[in-house]
Amino acid sequence: MLGKTAGGLYWMFRFLERSENTARLVEAGFRIALTRSSDPESEWKSVLTTAGVRMNYDQKHDGYSALDAIDFLLRDTDNPSSVMSSINNARSNARMVRTALTTEVWEAVNESWMAMKAALKMPVTQAKLPEVLGEIRRYTALVRGALHGTMLRNDIFDFSQLGIAIERADNTARIIDVKYYTLLPSASFVGSALDNVQWETILRSVSAYRSFRWLNNDDISPMSIADFLIFDSRFPRSLSFCSRIIDENLGYLAKDYGTRLPCHDMIEAQRDRLRASTIATVFDEGLHQFITSFIRENNAIGLQIEQDYSFVG
Amino acid sequence: MNTDRQHFDEMLLGEDGVRAPYAEYQEWFSHEDVSRLSKKSKEAEAFFRRTGITFNVYGQAAAQERLIPFDLIPRIIANREWTKLSKGIEQRVRGVNAFLHDIYHRQEILRAGVVPVDLIAKNAAFLPQMMGVTPPGNVYTHIVGTDIVRTGEDDFFVLEDNARTPSGVSYMLENRETMLQMFPELFSQIKVQPVSDYPKNLRRSLAACAPAGCNGKPTVAILTPGIHNSAYFEHSFLADQMGVELVEGHDLRVVDGHIAMRTTEGYKTIDVLYRRVDDDYLDPLNFRPDSMLGVPGIMDVYRAGNITIANAPGTGIADDKAIYSYMPDIIEFYTGEKAILKNVQTFRCSEPDALKYVLDNLADLVVKEVHGSGGYGMLVGPAASKKELAAFAAKLRKSPANYIAQPTLSLSTVPIFTKKGLAPRHVDLRPFALVSPDGMNITPGGLTRVALKAGSLVVNSSQGGGTKDTWVLED
């Protein structure tokens, strides 16, 4: 496969994943901003930080009103991570790698792009927001469904999966990073209304509010939430799950091409570290430190993949 | 324009009749419901949008991707007509290849005085770098899209030879696919020659032109300028259909005297490159140094015989509009036969007498830039205002050698489908010929372009033209 094609697939799926994650952050932010106990301005500020676009936002806006924040996150093409920018990028990459995609996947991406362009043409009013967010989720699910249902399980699929998993790991880690203080045992007043709202937001940001409660019954503690987000191998957005997907797909590539590369050593080292840790050791060493070094590693693995498989010349 | 003039309509005859090739279609059409067809027409458009069959328009900031309108009434060519046409195209393409070989070798035709030396030597499309180079298989134009117009029952004219990188073949294929999906019953009733073999034939034909040193199955790739190119859809479509890689300049480099593409497993040699990048941009070391689209050093690899470039660099000298007027002589010079397909009468404005005639009769002529394409920079005299005529006359006087002029042809019409029923519109035809050492393959039919505006003669997609499926009937 052309290195450029591998890169196009990887980034196409990273951007699709990003658009979905951004939409989910907006959804969680919108929800918590509506609850009376919270401070909406600081909520939107933390959403923008989690999305990694706060500097960009601050250059353009004063204050953190819901209207400005939502518009910046969904529509603004000056924001390279906005839903619209992400979908544009995903589709440009899809056009570039058109020959590697099944008709179903290509049409799903192209349809998503057409629908998003129409839905995000005008500013989204609060009344319309749930509908638009739902649409974003539906369309990214459509592409993912087409990917799983129609694509050959070869290197094309592997690079697509890598894009999804790297982006998703980054997203979950950043959600933990921005909210880590609410997960520290010292900061917890069990049962306090504020913490409940914060925890709920975190879980909603990763679409896991219900699954977490299903799995953990009434044990809603900072530690159990952190454990779930980092280590639960059943949860498809946990760091451990994403790391496993990266490991597996890099493994398929090594087998397929018959070559082991530096990225393989890096993911193996990360897997070993995760396996050797428990939530107790993480808290001992410091949650914040653990998460920031995970983000750094994940990023480095992504860059190494790009280099090892010649995405660019 | 000139709607009073009598145009030859390829379908309609008299009050209610149709010409012979359309008899069976008319039988089907007369039982169709207009509202059902309108619905089908809308479906086709949605289908094109969804599948991304679009082209990019230059010079329009926000527009970027547009659809080429598709008309659902097919253009039908009788078997007998096609036999003659394809013979004529084959002869012409043979002539073009012989001409190119000669021009880049001994230049007999210049010595014989058939074509003026200046026309070649001073022509920007002539590449001195190609002198003495024989392409693998001695094929210069692997793919040709000859533009043909019709003015009467038996009157076909070649309008342009398009020997560089003709586009439009993807529309020929998709139009048929769309028709098959919309009206499957039509194709069981009427025997139409298939076009779907084109990608397979193209791949075979290109592979047959691989360099002599290529061992095993040749690796073919398509070189595209990238996703912003107006014909990008076609490039990716053909790569997809042929099962070959679609590469850009930055994917390629010279490795051990060969052209190789950067893959996830290192560099891999390419034997045949179907390039959709113009000569000027092909090699920054040999042509435009600022080109980001090409491959530095590819011309050296080419001259060493280690890669096939399709079409060969320098083929533009054969489809230049100034050379065009000599084409009947060129064909006769190399084939010893009279040209089967006629040329349109052409005035070379570089000649003082011709220039005078053109200026005196500007309102009746079509004037084209010698190096122009896509319908840009051309004047359709009968449709132009007095002001436009005067402005164009000034341009002509300033650089006459830059223009040729032709009489306004009374192009044939084929009806398009409108809400109010059938309406005649002017059409042209671009059949596609594939050339390899094994012979020539011409896909029956080709791309029919149609001017959607009543009376308009401009069929270019960049200027409001549409397309039709083109049928060549089985016997």
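If you're wondering where the values come from, they're calculated on a predicted model, not measured in any experiment.

### Section: the overall build of chain B
So, step 1. Along chain B, the regular secondary structure elements total 16 helices and 26 strands.
So, step 2. For chain B, whose C-alpha radius of gyration is 22 Å, the value lies close to the compact-globule estimate of 23 Å for 475 residues.
So, step 3. The C-alpha extent of chain B, read off along each of the three principal axes, is 65 × 55 × 50 Å.
So, step 4. Every one of the 475 residues in chain B was classed for burial, and the buried ones make up 58%.
So, step 5. Within chain B, residue pairs in contact and separated by at least 24 positions form 69% of the contacts whose partners lie at least 6 positions apart.

### Structural notes on the sheet that holds strand β15 (residues 308-310) of chain B
Residue and element names in this part refer to chain B.
So, step 1. With respect to topology, four strands assemble into an open sheet ordered β10-β9-β14-β15, the strand pairing being parallel. Here the strands that pair on one side only, and so sit at the sheet edges, are β10 (245-247) and β15. Each strand of the sheet is rotated relative to its neighbour by a mean of 25°, with strand direction disregarded.
So, step 2. By the bridge criterion, three bridges tie strand β9 (residues 220-223) to β10 in an arrangement that is parallel. Of the residues in β10, the one forming a bridge with Leu-223 is Val-247.

### Let's talk about unusual backbone geometry
So, step 1. Geometrically, the link from B:Ala310 to B:Asn311 is a cis peptide bond, its omega value of -10° lying close to zero.
So, step 2. With respect to the helices and strands, B:Asn311 occurs in the loop between β15 and α12 (316-319).
So, step 3. The backbone of A:Ser207 sits at a positive phi, close to 55°, despite the residue not being glycine.
So, step 4. Its location among the elements puts A:Ser207 in the loop between α9 (193-205) and α10 (209-216).
So, step 5. Positive phi, normally seen in glycine, also occurs at A:Ser310, with a value near 50°.
So, step 6. In this fold, A:Ser310 is placed in the segment after α15 (287-308).

### Some words on the state of the cysteines
So, step 1. What the rule picks out here adds up to zero disulfides over all chains.
So, step 2. For B:Cys209, which is in no disulfide, the shortest distance to another cysteine sulfur is to B:Cys214 and amounts to 12 Å.

### Considering the pairing of strand β13 (residues 266-270) of chain B
All names here are of chain B.
So, step 1. Bridge analysis of strand β12 (residues 258-263) against β13 gives five bridges, and the strand direction is antiparallel. By the bridge assignment, Met-261 is partnered in β13 with Lys-268.
So, step 2. Taken together, β12 and the strand that follows it, β13, pair antiparallel across an intervening segment of two residues.

### A few points about the sheet that holds strand β11 (residues 252-255) of chain B
Residues and elements named next belong to chain B.
So, step 1. Read from one edge to the other, the open sheet built from three strands follows the order β11-β12-β13, with strand pairing classed as antiparallel. Edge positions in the sheet fall to β11 and β13, since each of these pairs with one other strand and no more. Each neighbouring strand pair of the sheet contributes to a mean axis angle of 45°, computed without reference to strand direction.

### Things to note about the interface of chain B and chain A
Accessible area lost upon the coming together of the parts serves often as the stated size of an interface.
So, step 1. At the interface, 23 residues of chain B touch 26 residues of chain A.
So, step 2. The three residues of chain B that bury the most area against chain A are B:Arg50, B:Arg262 and B:Thr264, which together make up 33% of that side's buried surface.
So, step 3. In this assembly, chain B and chain A are joined by four salt bridges.
So, step 4. The partner of B:Glu248 in a salt bridge is A:Lys4, with the nearest N and O atoms 3.5 Å apart.
So, step 5. At the surface where chain B touches chain A, the tally comes to 13 residue pairs in polar contact (both at pLDDT 80 or more).
So, step 6. Broken down by secondary-structure element, the contributors of at least two residues to the side of chain B that touches chain A are α2 (34-51), α9 (232-242), β10 and β12 of chain B.
So, step 7. Here the element with the most residues in the side of chain B that touches chain A is α9(B); it accounts for five residues.
So, step 8. In terms of residue class, the side of chain B that touches chain A is made up of seven nonpolar, seven polar and nine charged.

### Here we look at the packing of helix α12 (residues 239-257) of chain A against α15(A)
All names here are of chain A.
So, step 1. In contact at an axis separation of 13 Å, α12 and α15 are set at 20° when each is read in the N-to-C sense. If you check the angle between α12 and α15, you find them roughly parallel. Crossing geometry of α12 relative to α15 is assigned as left-handed. Residues Leu-239, Ile-246 and Leu-250 of α12 lie in contact with α15, whose contacting residues are Ile-291, Phe-294, Asn-298, Ile-301 and Ile-305.
So, step 2. A per-class count over the contact of α12 with α15 returns seven nonpolar, one polar and no charged.

### Some details on helix α1 (residues 3-34) of chain A
So, step 1. Here α1(A) is 32 residues long and its end C-alpha atoms lie 46 Å apart, about the 46 Å a rise of 1.5 Å per residue gives.
So, step 2. Summarising burial for α1(A): 28 of the 32 residues are buried, a large majority.

### Quick word on helix α5 (residues 83-96) of chain A
Residues spaced three or four apart along an α-helix face the same direction, because each turn holds 3.6 residues.
So, step 1. With 14 residues, α5(A) extends 20 Å between its outermost C-alpha atoms, agreeing within 8% with the 20 Å of an ideal straight helix rising 1.5 Å per residue.
So, step 2. All of the buried residues along α5(A) are A:Val83, A:Met84, A:Ser85, A:Ser86, A:Ile87, A:Ala90, A:Arg91, A:Asn93, A:Ala94 and A:Arg95.

### Examining the packing of aromatic side chains
All names here are of chain A.
So, step 1. In this structure the tally under the stated criterion is 26 aromatic pairs over all chains.
So, step 2. Ring geometry for Tyr-57 versus Phe-72: centroids 5.2 Å apart, planes at 80°, classification edge-to-face. Within this pair, whereas Tyr-57 is found in helix α3 (residues 54-60), its partner Phe-72 is found in helix α4 (residues 66-74), the two being separated by 15 residues in sequence. For the pair formed by Tyr-57 and Phe-72, the shared burial category is buried.
So, step 3. We note Arg-153 situated over the ring of Phe-157; from NZ or CZ to the ring centre the distance is 4.0 Å.
So, step 4. One Lys or Arg, Arg-204, reaches over the ring of Tyr-209 and ends 4.3 Å from the middle of that ring.

### Considerations on the side chain of B:Glu234
All names here are of chain B.
So, step 1. Within the secondary structure layout, Glu-234 lies in helix α9.
So, step 2. Under the relative-accessibility criterion, Glu-234 is labelled buried at 2%.
So, step 3. There is a polar contact of 3.0 Å between the side chain of Glu-234 and the backbone nitrogen of Gly-168.
So, step 4. Not counting residues up to four positions away in its chain, the partners in contact with Glu-234 are Pro-166, Ser-167, Gly-168, Val-169, Ser-170, Tyr-171 and Arg-276.

### Quick notes on the nonpolar core
Nonpolar side chains in soluble globular proteins generally cluster together in the buried interior.
So, step 1. Among the nonpolar cores identified, the biggest contains 61 residues, and B:Tyr25, B:Tyr198, B:Leu202, B:Leu206 and B:Trp471 are the most heavily contacted of them.
So, step 2. Not counting the four nearest positions on each side in its chain, B:Leu206 is found in contact with B:His142, B:Ile143, B:Val220, B:Met242, B:Val272, B:Tyr274 and B:Ala310.
So, step 3. Listed in part, the 57 residues of the second largest apolar core include A:Phe30, A:Leu133, A:Ile175 and A:Ile176.

The rules behind these values
- Residues numbered from 1 in each chain as written.
- Chains lettered and ligands numbered in written order.
- Predicted model: local features only at pLDDT ≥ 70, side-chain atom pairs only at ≥ 80, totals over all residues.
- Heavy atoms only, no water.
- Helix = DSSP H or I, 4+ residues; strand = E, 2+ residues; numbered from the N terminus.
- Rg over C-alpha atoms; globule rule 2.2 N^0.38 Å.
- Buried < 20%, exposed > 50% of the residue type's maximum accessible area, 1.4 Å probe, protein only.
- Contact = heavy atoms within 4.5 Å.
- Pairing = 2+ DSSP bridges.
- Axes fitted to C-alpha atoms, helices over the stretch in contact; angles between N-to-C directions.
- Disulfide = S-S within 2.5 Å.
- Buried area = accessible area lost by both parts, 1.4 Å probe.
- Salt bridge = Lys/Arg side-chain N within 4 Å of Asp/Glu carboxyl O.
- Polar contact = N/O pair within 3.5 Å; in protein donor to acceptor, adjacent residues only side chain to side chain.
- Nonpolar A, V, L, I, M, F, W, Y, C, P; charged D, E, K, R; others polar.
- Parallel < 35°, antiparallel > 145°, perpendicular 65-115°, else oblique.
- Left-handed = near helix turned anticlockwise from the far one by under 90°.
- Expected span 1.5 Å × (residues − 1).
- Phe/Tyr/Trp six-rings, centres within 6.5 Å; stacked < 30°, edge-to-face > 60°.
- Lys NZ or Arg CZ within 6 Å of the ring centre and 35° of its normal.
- Core = buried A, V, L, I, M, F, W, Y, C linked by side-chain atoms within 4.5 Å.

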